[in-house]
Amino acid sequence: MIKYIIRRLLYLIPVLLGVCFIIFILFNLVAGDPTAVLLGKNATAAQMIELREQLGLNKTLTEQYFDVVKSAFTFNFGHSWSTKQEISQMILRGAYPSLCLTLPAFIVATIFSLIIALVVAFYRGKGIDLFIRILCIAGVSISALAYILFFQYFFAFKFGWFEISGFEYGFPNFIPFVALPGIIFIILSLGPDVRFFRTVILDEIYQDYVRTARAKGLSDLSILLKHVLRNALIPIITYVIIQVPYLILGALLLENFFSIPGLGGITLNALNSSDFPVIKAMAILSSVLYILLSLFTDILYTFADPRVKLK
Amino acid sequence: MKSLVLVVAITFLVFGCSKENSFDEREINLISPEKISGFDPINASDKYSANEAGKVYEGLFEFHPLKRPYELIPNLAESLPVVSLDGLNYTFKLRKGVYFHDSPVFKQNIGRELNAHDVIFSIKRLADPKLNAKGWWILDDRLVGLNEWRIKNSKNEKTNYEEEIEGLKVLDDYTLQIKLNKPYPQFLYALAMPYTFVVAREAVEFYGKEFLNYPVGTGAFVLPKFEQSSMITYFRNPKFREKLYPSEGEEGDDKLGLLADAGKKIPLVDKINVHVMVESQPKWLSFMKAKNDLLEVKDVNIQQSITPDRTLKSDHKEKGIRLIMKPMLDVTYFAFNHDEPIFKNKKLRQAMNLAFDRASYNRLFHENTAFEAQGPIPPGLDGQKKEFKNPYIKYDVELAKKYLAEAGFPGGKGLPTIVVQTRSDTVSRQQVEFFEKCMEKIGINIDIGMNTWPELVNKVTKKQHQMYTMAWGADYPDAENFLGLLYCPNQAPGSNGANYCNPEFDTIFKQATVLQDSPERTDLYEKLNEMIAFDVPWILGFHRTDIYLTQAWLKNFKHMEFNHSQFQYLNVDLEVKKQLLNKF
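Computed from a predicted structure; not experimentally measured.

A. Spatial organisation of the overall build of chain A. Helix and strand counts for chain A stand at 14 helices and 0 strands. Traced from its N-terminal end to its C-terminal end, chain A shows the element sequence α-α-α-α-α-α-α-α-α-α-α-α-α-α. Taken over the C-alpha atoms alone, chain A extends approximately 85 × 60 × 35 Å along its principal axes. Of the roughly 14,800 Å² of accessible surface on chain A, a fraction of 70% belongs to carbon and sulfur atoms. Side chains of chain A carry 24 positive and 18 negative charges; the gap between the two charge centres is 11 Å.

B. Examining the overall build of chain B more closely. Helix and strand counts for chain B come out as 18 helices and 22 strands. Rg of the C-alpha trace for chain B: 26 Å, near the compact-globule value of 25 Å for 584 residues, within the 12% margin. Along the first, second and third principal axes, the C-alpha set of chain B runs to 80 × 70 × 60 Å. Every one of the 584 residues in chain B was classed for burial, and the buried ones make up 59%. Partitioning the intrachain contacts of chain B with sequence separation of at least 6 by distance along the chain shows that 71% fall at a separation of at least 24. As presented, chain B carries roughly 24,000 Å² of accessible surface, and 52% of it is formed by carbon and sulfur atoms. Taken together, the 75 basic and 78 acidic charged side chains of chain B have centroids lying 3 Å from each other.

C. Representation of the sheet that holds strand E10 (residues 271–276) of chain B within the structure. Residues and elements named next belong to chain B. The strand order across the open sheet built from 4 strands is E1-E10-E9-E8, with neighbouring strands paired in mixed fashion. A single partner strand is all that each edge strand has here, and the edge strands are strand E1 (27–32) and strand E8 (221–222). With 2 bridges joining them, E8 and strand E9 (residues 231–236) adopt antiparallel strand pairing. Note that in E9 the partner of Phe-221 across the bridge is Arg-236. On top of the sheet, helix H2 (residues 47–56) reaches E1, E8, E9 and E10; it is set at about 25° to E9, its chief contact.

D. Focus on empty space enclosed by the protein. All names here are of chain B. Scanning the entire structure with this criterion turns up 3 cavities of 30 Å³ or more. The volume enclosed by the largest cavity comes to roughly 60 Å³. Gly-54, Tyr-57, Glu-58, Gly-59, Phe-61, Glu-62, Asn-75, Ala-192, Phe-197, His-564, Ser-565 and Gln-568 are the residues that line the largest cavity. Residue classes in the lining of the largest cavity are distributed as 4 nonpolar, 6 polar and 2 charged. The space that makes up the second largest cavity amounts to roughly 50 Å³. Among the elements of the structure, helix H17 (519–535) and strand E18 (538–540) are those that each provide at least two residues to the lining of the second largest cavity. Here the lining of the second largest cavity is built from residues that sort into 8 nonpolar, 2 polar and no charged.

E. Local environment of unusual backbone geometry. Residue and element names in this part refer to chain B. Here the amide bond leading from Ile-266 into Pro-267 is cis, since omega sits at 5°, within 30 degrees of zero. One can find Pro-267 in the loop between E9 and E10. Backbone torsion omega between Ala-492 and Pro-493 reads 15°, so that peptide bond is classified as cis. Secondary-structure assignment places Pro-493 in the loop between helix H15 (480–483) and helix H16 (503–513). Despite not being glycine, Asn-556 has its phi angle at roughly 75°, a positive value. You can see Asn-556 is positioned in the loop between strand E21 (554–555) and strand E22 (571–572).

F. Quick look at helix H5 (residues 87–122) of chain A. If you check H5(A), its first and last C-alpha atoms are 49 Å apart, about what 36 residues at 1.5 Å a residue would give, namely 52 Å. Along H5(A), the sharpest change in direction is near 35° and occurs at A:Leu99.

G. Spotlight on the domain arrangement of chain B. All names here are of chain B. Along its sequence, chain B is carved into domain 1 (36–212) and domain 2 (330–543). One C-alpha centre belongs to domain 1, the other to domain 2, and the line joining them spans 35 Å. With 9 residues of domain 1 at the contact, the number on the domain 2 side is 11 residues. Summing the contributions of domain 1 and of domain 2, the shared interface buries around 940 Å²; its carbon and sulfur component is 59%.

H. Representation of the pattern of salt bridges. Residues and elements named next belong to chain B. Evaluation of the coordinates by the stated rule reveals 45 salt bridges over all chains. Of the charged contacts, one joins Lys-298 and Glu-296 as a salt bridge, the two residues approaching to 3.6 Å between their closest N and O atoms. Lys-346 is the salt-bridge partner of Asp-535, the closest N and O atoms lying 3.7 Å from each other. Linking Asp-535 in helix H17 with Lys-346 in helix H10 (residues 346–354), this pair joins segments that are 189 residues apart in sequence. Taken together, the shared-partner salt bridges in this structure form one network comprising Glu-58, Glu-62, Arg-241 and Lys-243.

I. Summary view of the confidence of the model for chain B. With 96% of its residues at a pLDDT of 70 or more, chain B shows a mean pLDDT of 92. Taken together, the stretch residues 1–5 of chain B has pLDDT below 50 and engages in 3 contacts with residues farther than four places along the chain or on a different chain.

J. Local environment of the domain arrangement of chain A. Residue and element names in this part refer to chain A. Here the domain parsing of chain A yields domain 1 (2–74) and domain 2 (87–304). Relative placement of domain 1 and domain 2: their C-alpha centres are 32 Å apart. Between domain 1 and domain 2, the contact holds 18 residues from the first and 15 residues from the second. Counting the surface lost from both domain 1 and domain 2, the interface buries some 1,500 Å², and carbon and sulfur atoms represent 81% of this. On the domain 1 side of the interface with domain 2, the three residues burying the most area are Arg-8, Ile-23 and Phe-27, jointly 32% of the side's total.

K. Region of interest: the interface of chain B and chain A. The interface of chain B with chain A comprises 56 residues on the first partner and 60 residues on the second. Taken together, the connections running from chain B to chain A amount to 4 salt bridges. With a closest N to O distance of 4.0 Å, B:Lys291 and A:Glu163 form a salt bridge. Remark: the boundary between chain B and chain A carries 17 residue pairs in polar contact (both at pLDDT 80 or more). For the side of chain B that touches chain A, the secondary-structure elements that each account for two or more residues are helix H1 (2–13), helix H7 (280–288), helix H14 (453–461) and strand E17 (467–473) of chain B.

L. Fine view of the environment of A:Leu292. Residues and elements named next belong to chain A. As for its placement among the helices and strands, Leu-292 is situated in helix H14 (residues 276–304). Judged by relative accessible area, which is 36%, Leu-292 ranks as partly exposed. Excluding anything up to four places from it in sequence, Leu-292 contacts Leu-9 and Leu-12.

M. The nonpolar core, seen in detail. B:Phe92, B:Leu146 and B:Phe187 are the most contacted members of the largest nonpolar core, which totals 133 residues. Element by element, the count of residues in this core is highest for helix H3 (residues 116–127) of chain B, at 7 residues. Of the domains in this structure, domain 1 (36–212) and domain 2 (330–543) of chain B are the two that each give at least three residues to this core. Dropping the residues within four chain positions of it, B:Phe92 is found in contact with B:Leu60, B:Phe61, B:Pro81, B:Tyr174, B:Thr175, B:Leu176, B:Ile178, B:Phe187, B:Leu188 and B:Leu191. In terms of nonpolar packing, the next biggest core, distinct from the first, is built from 110 residues, A:Phe24, A:Leu38, A:Met90 and B:Leu285 among them.

N. Molecular detail of the sheet that holds strand E5 (residues 89–93) of chain B. Residue and element names in this part refer to chain B. The sheet built from 4 strands is open, its strands ordered E4-E5-E7-E6 with antiparallel pairing. With partners counted over all chains shown, the strands left at the sheet margins are strand E4 (82–83) and strand E6 (168–172), one partner each. Bridge count for E5 against strand E7 (residues 175–179) is 5 bridges, and the pairing is antiparallel. Its bridge partner lying in E7, Phe-92 is registered against Leu-176.

O. Focus on the confidence of the model for chain A. Averaged over all residues, the pLDDT of chain A equals 89, while 99% of them reach at least 70. The lowest-confidence element of chain A is helix H11 (residues 244–248) of chain A, averaging 81 in pLDDT; the highest-confidence one is helix H7 (residues 144–158) of chain A, averaging 95.

P. The arrangement of the state of the cysteines in detail. All names here are of chain B. In the structure shown here, the tally under the stated rule is 1 disulfide over all chains. One disulfide bridge connects Cys-488 with Cys-501, the sulfur atoms lying 1.9 Å from each other. Looking down the S-S bond of the Cys-488 and Cys-501 bridge, the torsion is 65°, so its handedness is right-handed. One end of the pair, Cys-488, is in the loop between H15 and H16; the other, Cys-501, is in the loop between H15 and H16, with 13 residues separating them in the sequence. Among the residues examined, Cys-501 registers a relative accessible area of 38% and is labelled partly exposed.

Criteria and cut-off values
- Residues numbered from 1 in each chain as written.
- Chains lettered and ligands numbered in written order.
- Predicted model: local features only at pLDDT ≥ 70, side-chain atom pairs only at ≥ 80, totals over all residues.
- Heavy atoms only, no water.
- Helix = DSSP H or I, 4+ residues; strand = E, 2+ residues; numbered from the N terminus.
- Areas by Shrake-Rupley, 256 points an atom, 1.4 Å probe, with all protein chains shown as cover.
- Lys, Arg positive; Asp, Glu negative; His and termini not counted.
- Charge placed at Lys NZ, Arg CZ, Asp CG, Glu CD.
- Rg over C-alpha atoms; globule rule 2.2 N^0.38 Å.
- Buried < 20%, exposed > 50% of the residue type's maximum accessible area, 1.4 Å probe, protein only.
- Contact = heavy atoms within 4.5 Å.
- Pairing = 2+ DSSP bridges.
- Axes fitted to C-alpha atoms, helices over the stretch in contact; angles between N-to-C directions.
- 1 Å grid on protein atoms, 1.4 Å probe; cavity = no way out; pocket = protein on both sides within 12 Å on 5 of 7 lines; lining within 4 Å.
- Points joined across faces, edges and corners; volume = space filled by probe spheres on them.
- Nonpolar A, V, L, I, M, F, W, Y, C, P; charged D, E, K, R; others polar.
- Expected span 1.5 Å × (residues − 1).
- Bend = angle between axes of the 7 residues up to and from the residue.
- Domains from an automatic or database assignment.
- Buried area = accessible area lost by both parts, 1.4 Å probe.
- Salt bridge = Lys/Arg side-chain N within 4 Å of Asp/Glu carboxyl O.
- pLDDT = per-residue confidence, 0-100.
- Polar contact = N/O pair within 3.5 Å; in protein donor to acceptor, adjacent residues only side chain to side chain.
- Core = buried A, V, L, I, M, F, W, Y, C linked by side-chain atoms within 4.5 Å.
- Disulfide = S-S within 2.5 Å.

Encoded structure:
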């Protein structure tokens, strides 16, 4: 297993080189010259030339690409071009509110979805199954924005149960601020999660071993919890863990509407101001997270299914 | 399962826990609709960064908070400068007894007295090539020796602040002299802008790259450390000098209660909370819940605030909310790229102007609150005659068709499809779609080019467009700031994104910009404004209106275009707040 982990970690190198190449090409060939945006509406031609020099945009493309690669492997992203803030500090400070919002909501959403999926799988084809499926489809059909506007207006403004917007650092200060967006996050996640988990569980329910278990006289509930759920875990683990990088990168709409100073807003600002170092840092960070979590998923498979061997 | 119960319990525990309004302190709550990136004055180029910088830093001058038209008054300067007859030498006397905020950058953490060296250092910082400040344009090629110093230091490893510059001299601790290389009538405005706010050299050197997070100024409020958050809290500067609330304003200010605090020492509140809120709904709901004291009303909130006849809605009146509507010093326009051969055809430009239905556009996109622009200069500035009517600012499809035929494109035949570049947000797209429909009526085909802001700026600065949409807000109250948008030497990548070149216009503009405020200069501005009206280098849009709602307990707020120093004058009436809060 150690060898496998080392090999998978080594895959990081070509993947990061590829990510660097793609963001470098996109920035240099598609985005164009950032100096006019960075200097504001009164930028002069001379200033733009000076700034290009200072930002290293006059270096050869190869040199610029190696600068990107260097920062990817050293994790030293320098300072933001637009805010002049240190990027590592921006990310650390932004990751906290993003995670305060998304992580608890994600855990609750996953647990709820799994429970609901088991229930509807248990009662498959019956009224409750149909009702929940309709709810799920209706849930995913409504725009996230509609939920946000509705919940913020009624539960925060009209009933005054929650804060309308804002954020405070530190536990438990942040709870009143993330409670409502967290609930919206859960509701938004339930639709797709329940449908996916239900499908996976139903796939297992029709397997031979379920029939055998029934023949042996095990109860449906016991079969569902002890056998079906365990065998359905591999696709569920994959689905759940792959979502984790997105949690860290924040939930942009929720962050914007609830004024949570998370990473979603930082990324959007960077895109709107051609702030290449921040865009680069966020792209590299998400790639590394994605790879590490894929590896973690593979390791979890061995626990979920002893037949899986990592070679 | 236990953990699930715990999470659910915590979630429900917070039900009913939204924070109540506080009456313990004299605090005001404001909104910043944009994220603040830092507190370095030399980069405070947008209105919202300038507003935040203005709470902790100060300049030599500021705009009178009540008088209109805008009047410059001394702030860190003791008085207006003594200016030589040729208008090139300015001698400034500094106010004594102005201290920087207490900070670890000073000996024993106690803020020291401001002196003339600080002013010179702050100006040199603005010119520092290593910092490439957004505000450099206000001094670029203005002061004797400053550009040479900048060029020289751009080649050095480190900027040499010790080197003397002929145009910047300290005469004594409280006196400095600035020498211009040509008359610059807007110079004092430059010294009231955030870019020239005075910083302490010790703070710049102590914090280095982190300076932007540790504002150490002389202003009415203190912010020990800035961190990206959803709220910025400023505290009253306990050592702020004896600065008094003005005892005179413009006519009517007395009736509005704006002189009730006349003669009182400012600041009048202990604390300012600035809530960073980007989206319209939370801003609106938060104001309507009395969590904020002032709301800049935009977009969808306009309909929620005012009636079609532009008065405050009755349910807001019952809560004591006040409405303030004032024209902005700005202009919106559709710019032609004059480097494109087709737009050298004046009749075509005039035809397109006549086909633009401004009344419907105003109703659709500005709730009828904007004013049709008769020229680039907004009303309220010298150069825009009240009675002047632009002959091409009318909606006349038949006349537009006639002009189009005279331009050589009868019914639009022979005219290629014109691409109008705009931003990719919904409103910008809808605005160009409306324009497209107007042009369709005379046979002109329009395509929409959707861009992110960086893409749009890039296309304009590289002249890779046929037309684009833009709005320009005043940097200072002088028509030169608007007319410069059509001055040939300013063409892209400068602010003349239309690349308009008219030698006659340029000659008069050059004459006007070296004149001090005078009837002669106003005449020249008016001439330029009318020249633009007839030559149609842009399709003029609107001068928009600033709409504010204030809570009844917020005192001393008056609409101000350049309001970065205004917050020190605000006050709160806690009795009124207590009485009215039950209505929210």
